[in-house]
Amino acid sequence: MKLEQATSPTSVPDRPSGHRYRFVVTWHAALAVFFVVAFIGAITGPGADLVGPFRHILVGLSAFGMIANIFVVAPLHRHRDMGRTVSIMVNYLTIVVSAAVLLSRVGVFEGFDELATRFEGAIYWLLVPFVGWLWMLFSDRIGQPHLRRGGTWMVRGGAVVFIFAMGIIDGVVAIAGELVDVRSLVLVALIAGAAYAMRVMWGARARNDYGTTSWRQEQIEGLLFLSPNVLGFLFFFAGPLVFSLFISFWDWDALGDKSFVGFDNYFDLFRVDIAFMESSTAPASEALKTNYAEAFRFNLFGQNILISAIDRAFWQSLRNIVIFLAVAVPASVIPGLVVANLLNSKLPGMKFFRAVLFIPSIAGVIGISLIWRQLFNASVGWLNYLLTVFLPGDYEIRWLTDQSTALFAIAIVFAWMTFGFNSVLFVAGLQGIPVGLYEAARLDGASSWQQFRYITLPMLKPTTFFVVAITTINSIQMFEIVFVLMTPPEGPGNSTLTPVLYLYQQGFQNFSQGYASAVSWVLFGFIFCITLVQFKRNKSNGTEAMA
C-alpha cells in the first residue's frame, strides 16, 4: 500500500490547458537554436577573439545548452516524465548562468568592491540611526510616546544619509544604465523565459500530466537542494581540474595563442641521464649531453653518480621533497604520539594543554613564518642563542642562508605546526582503546613499555595510518612556509625548491601554463602512488593481524 502511494502520481483536481506546455516546448526549441548560434560564434565568430579560458567556457556551455535543449524537446512534446525533469534542470541552469553573467556585465561584483571602499568613510553615519533607536527605546521606557517620533525620524534620516554616503543610489543608477544594452536585455529575456518555463513544469498540474511519481519529485527537489554545492564543486574544482589536464598538452601562456605539443611537456620533465663519474669532484661537463644540465650528484656504494636532466629544477624539487618527507614526517608524527600519551593521562590541566598544542595548527601560516624568520636569524635569533646557552661552543648557524640547513629549517617549522594536530588525533585514537586490555595486561605483569608496545601501537594502527597519510600529503604540498620564510623562495642553490613552488614559478612567473599543468599532474600522480602504497601496507598489516 505504501509502495503504491510512493510511486503514484500526485493527484490534482483538474487538467491544465495545453498552451503553456506548447510554450515550454517552443522555448526549448528556441534555446536550442540560440545555443547553436552561440556555439558557432564561439568557434568562428566573436567568441574566437576571447582570450584565456573564457573561450573554452563559452564553447563548453553553448555545447551543453545545445545538446540538452535538443534532447528535451521530444520527451516534452510526448509528455514523458523524463522531459519534465530535464526541462526543470536545464531552465534552472539557464537562470543561474544567465544571472551570473548578467551581474558581471552590469558591474555588480565591482560595485561590491566600491561599497567596501566607501564603507570606512560612511560607517560614522550609522551612529545617527543607532542614536535614534536608543531614543525610541528611552521614549517607550519613560512612557512618553510623543518623543518617539523624533527617534523615528533620526533612524530614517540617518539611513538615507548612510545610503547616499555609500553611493548606493549612484550604483543603482549605473546598473540600470548598463541594463539598457542588447546583450544585457538578451540575458534578462533568458532569465525571464527560463523562470516561466520552470514555473510551468514545477506545478502540481505538470507533475500529474507528465506522470511524475513522488519518488522522482523527491529526486528533483534533492538535486535542487544540492545544486549550490554541486555547481560550486564543478565550477571551482572539477572544471579547473579537467581544464588543467587539457592544457597540459599545449604550450600556452594563458593569454596568447596556444600550440599543441602532445606529451612533450611530460617528456621534458622526465628526460634524465645517469652518468658514473671517476670522482665526486669531476667536472660535470665531461658527462653532460646536449641541452642537459646537472641536477645533483651522490655517492652510492662507492660509485659517484651524476644525475642530469633537461629540466634540472624539477628534479631538484623532487629530491628536496623526498628529503623533506624523510625528516618532516617522522618529526611530526613521533612527537605527536609521545605527547598524545601524556595528554591522555589523568594529570590535572591536560585539557588546557590539548588546546595549547592545537593553536599552531590553526594559527596563520604567514604570521608563524615571519616569527620563525626572526628566530632563525643567525646573529640575533633565539635558536642560536639557546644553543649557545645550553651547549658548549658559540653557534652562528645560518639557518636560512646556508644550503645545508635551509631545508632542515623548513622541516622544523612544519613539524612545529603539525605535531599538535597529530597529537589531538592520537588522543582520539587512544580514547577508543578498551581499558580492559590494559587491566588484563597489568594483571599478567606487563610493564608500561610492554603495554605500549603490544596494546597501544597495534590498536592505534588505523589512527597512525591516517596521521601519516595526511602528514605526507601536506608535506608534498609544501608551499606557504617556503614562500614566506625564504628569500628568494627557492633558497640558496634551489635547496628549498619544492614541486608546488616550482609549479607556481612556471605558471605565474614564467607564464608557462601548459608546462605548469603537466607538473601539477605529475605531482598528483606522485601523491597518489605514495598514498596507494600506504593503503596497501595498512591493508596487508590488517590482514596479517587478523590471521
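Residues numbered from 1 in each chain as written. Predicted model: local features only at pLDDT ≥ 70, side-chain atom pairs only at ≥ 80, totals over all residues. Heavy atoms only, no water.

Colleague: Summarise the overall build of the protein; cite the residues concerned and give the values.
Modeller: On a plain count of helices and strands, the protein comes out with 23 helices and 5 strands. Compactness check: the protein gives a C-alpha radius of gyration of 33 Å against a globular reference of 24 Å for 547 residues, more than 25% above the reference. Overall size of the protein, expressed as C-alpha extent along the three principal axes, is 90 × 80 × 65 Å. Burial analysis of the protein (547 residues in total) assigns 35% to the buried set. Restricting to contacts in the protein with at least 6 residues of sequence separation, those with at least 24 account for 66%. (Helix = DSSP H or I, 4+ residues; strand = E, 2+ residues; numbered from the N terminus. Rg over C-alpha atoms; globule rule 2.2 N^0.38 Å. Buried < 20%, exposed > 50% of the residue type's maximum accessible area, 1.4 Å probe, protein only. Contact = heavy atoms within 4.5 Å.)

Colleague: Tell me about the sheet that holds strand β4 (residues 293-300), and name the residues and values.
Modeller: Read from one edge to the other, the open sheet built from 3 strands follows the order β3-β5-β4, with strand pairing classed as antiparallel. The sheet is open, and its two edges are formed by β3 (272-277) and β4, each paired on a single side. Neighbour-to-neighbour, the strand axes of the sheet open up by a mean angle of 25 degrees, direction not taken into account. Summarising the sheet, β4 and strand β5 (residues 303-309) pair through 7 bridges and their orientation is antiparallel. Bridge pairing in β5 places A293 opposite A309. The strands that helix α13 (residues 312-343) touches are β3, β4 and β5; relative to β4, the one it contacts most, it runs at about 35 degrees. (Pairing = 2+ DSSP bridges. Axes fitted to C-alpha atoms, helices over the stretch in contact; angles between N-to-C directions.)

Colleague: Hey, could you go over the confidence of the model for the protein for me, with residue numbers and the actual values?
Modeller: In the predicted model, the protein carries a mean pLDDT of 86, and the fraction of residues at 70 or more is 94%. In the predicted structure, residues 1-16 sits below a pLDDT of 50 and forms 23 contacts with residues beyond four places in sequence or in another chain. (pLDDT = per-residue confidence, 0-100.)

Colleague: For the packing of aromatic side chains, give the residues involved together with the corresponding values.
Modeller: A full pass over the atoms with the stated rule returns 37 aromatic pairs. Aromatic side chains F246 and W250 sit 5.7 Å apart centroid to centroid with 45 degrees between the ring planes, which places their arrangement in the tilted category. Its relative accessible area of 35% is what places F246 among the partly exposed residues. What makes W250 buried here is its relative accessible area of 19%. An aromatic cluster is defined as three or more aromatic residues linked by ring pairs; in this entry it consists of F243, F246, W250, W252 and F260. Directly above the ring of W153 sits R156, whose terminal nitrogen or CZ lies 5.8 Å from the centroid. (Phe/Tyr/Trp six-rings, centres within 6.5 Å; stacked < 30°, edge-to-face > 60°. Lys NZ or Arg CZ within 6 Å of the ring centre and 35° of its normal.)

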